[in-house]
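Take a look at the letters that make up each chain.
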Amino acid sequence: MAQKLKVLFVPIDAIGHVNSAIGIAQVLLDAGHQCLFAINIQWKGRLTKYGIEEVLIAQDDRPTDVDPAQHWADLFVNGGGIKDTTPLETAININIKLIAQFNEMTKDLDVIVDGLLKDIQPDVVIVDQHRCIPALELSGIPWVATCSFNPLVFIPDERTPPNMSGLSINSPKSEWKAFRDAKNSAKYPGWKTFNDWVVSRGIPPLETNRFNRDSKYLNIYGFPMELDYADIRPLPPKWYRFDNLKRTELQDTFEIPVPLRDRPGKLIYFSMGSMGGADVENMKRLVTILSKSKHRFIVSKGPKHSEYELSDNMWGAAT
């Protein structure tokens, strides 16, 4: 019989990242392994239905009744990361206004993870974080890096457009360079501070302007083949792509809401993701456009769902 592993997950506590980690955990649980999630206390009781053991932590001082999606939406909206600005202005806002906060969050998480590794003694750790965790690298425990972001974030390559730019593969390379240069200039001071701390913790320095590094054991990401960049850049060593990292819900059926049940037209699911849905003005604009359609829409309204209304050919909820 194969060895039963104790697997500790350390995902970012936002909806999409946790959901992708649940998808990985379900496969491991089906194979007979034990899965534990180090997750902020706001998630209490949400994961046990999947057979996951919750290890509740407190990374910050937010109230326990604040929904994680609402927390991240407020953070990005207030920091200019979700705003009616150009992609470059948005990237600069994030790297100037939010980078220090993200650095401090990682330092807090590093202390927490150090204690968890000693207490739990997992056989392997699966981590989905935008920044490296020194305690994990120092532990000697095998760890797997997962990327629930766009792969451009975790697999930087000069042959692909810079992440967050919105630039296509066919756009002028001069535009790629201009975007990278401006973004890196804004990012560098925060990166330098973070890298100095990383080195002070006793692990090797990071690549310039990169906050994480590949695992020497295994790296995986979920992204559809049709949208990926595999035709122009091969994957780095020990990187593997999956079409998705989605979870399987325990409830297999969904009843079409009564207001839409007898209406004509195709039934379409519409979502901008939890963070995209936090841009209320853009969601209002899109709802207005779709209200003129002959079709029906089930809308994932996002964390700011109470701040706008849907039209008669729509039904929606927060997620």
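Just so we're clear, the structure is a prediction, and the values are computed from it rather than from any experiment.

### Overview of the overall build of the protein chain
For the protein chain, the helix and strand inventory stands at nine helices and ten strands. What you see for the protein chain is a C-alpha radius of gyration of 21 Å, in line with the 20 Å of a compact globule of 319 residues. The burial tally for the protein chain puts 46% of its 319 residues in the buried class. For the protein chain, the share of sequence-separated contacts (at least 6 apart) that also reach a separation of at least 24 residues comes to 54%. When the accessible surface of the protein chain is split by element, carbon and sulfur atoms take 55% of a total near 16,600 Å². When the 37 basic and 39 acidic side-chain charges of the protein chain are each reduced to a single mean position, those positions are 3 Å apart.

### A closer look at the domain arrangement of the protein chain
Taken domain by domain, the protein chain holds domain 1 (6-242) and domain 2 (258-315). Between domain 1 and domain 2, the residue contacts involve nine residues of the former and six residues of the latter. Close ionic contact of Lys-304 with Asp-74 constitutes a salt bridge, the shortest N to O distance being 3.0 Å. Where domain 1 packs against domain 2, one counts one residue pair in polar contact (both at pLDDT 80 or more). Sort the elements by how many residues they give to the side of domain 1 that touches domain 2 and helix H2 (residues 68-78) lands first, with seven residues. Considering only residue class, the side of domain 1 that touches domain 2 consists of seven nonpolar, one polar and one charged.

### What to know about the side chain of Asp-128
If you trace the backbone, Asp-128 turns up in strand E4 (residues 124-128). An unpaired buried charge is present at Asp-128: no salt bridge exists, and Arg-131, the closest side chain of opposite charge, is 12 Å distant. There is a polar contact of 2.5 Å between the side chain of Asp-128 and the side chain of Ser-148. With residues up to four places along the chain from it excluded, the contact list for Asp-128 reads Val-10, Pro-11, Ile-12, His-17, Ser-20, Thr-146, Cys-147, Ser-148 and Phe-149.

### Considering helix H9 (residues 280-290)
Here H9 has its buried residues at Val-280, Asn-282, Met-283, Leu-286, Val-287 and Leu-290. Taken end-on, H9 shows its buried residues confined to a sector of 155°, consistent with a single buried face.

### Details of H2
Listed as buried for H2 are Pro-68, Ala-69, His-71, Trp-72, Ala-73, Leu-75 and Phe-76. Buried residues in H2 make contact with helix H1 (15-30), helix H3 (87-120) and helix H8 (273-276). Gly-80 sits one or two residues past H2 and shows a positive phi near 80°.

### A closer look at the environment of Ser-291
Turning to its location among the elements, Ser-291 is positioned in the loop between H9 and strand E9 (296-300). Residue classification places Ser-291 among the partly exposed residues on the basis of a relative accessible area of 32%. Note: C-alpha distance between Ser-291 and Gly-202 (89 residues apart in sequence) is 57 Å. Contact partners of Ser-291, with chain neighbours within four places excluded, come to Ser-311, Asn-313 and Met-314.

Definitions and limits used
Residues numbered from 1 in each chain as written. Predicted model: local features only at pLDDT ≥ 70, side-chain atom pairs only at ≥ 80, totals over all residues. Heavy atoms only, no water. Helix = DSSP H or I, 4+ residues; strand = E, 2+ residues; numbered from the N terminus. Rg over C-alpha atoms; globule rule 2.2 N^0.38 Å. Buried < 20%, exposed > 50% of the residue type's maximum accessible area, 1.4 Å probe, protein only. Contact = heavy atoms within 4.5 Å. Areas by Shrake-Rupley, 256 points an atom, 1.4 Å probe, with all protein chains shown as cover. Lys, Arg positive; Asp, Glu negative; His and termini not counted. Charge placed at Lys NZ, Arg CZ, Asp CG, Glu CD. Domains from an automatic or database assignment. Salt bridge = Lys/Arg side-chain N within 4 Å of Asp/Glu carboxyl O. Polar contact = N/O pair within 3.5 Å; in protein donor to acceptor, adjacent residues only side chain to side chain. Nonpolar A, V, L, I, M, F, W, Y, C, P; charged D, E, K, R; others polar. Arc of directions from axis to C-beta.

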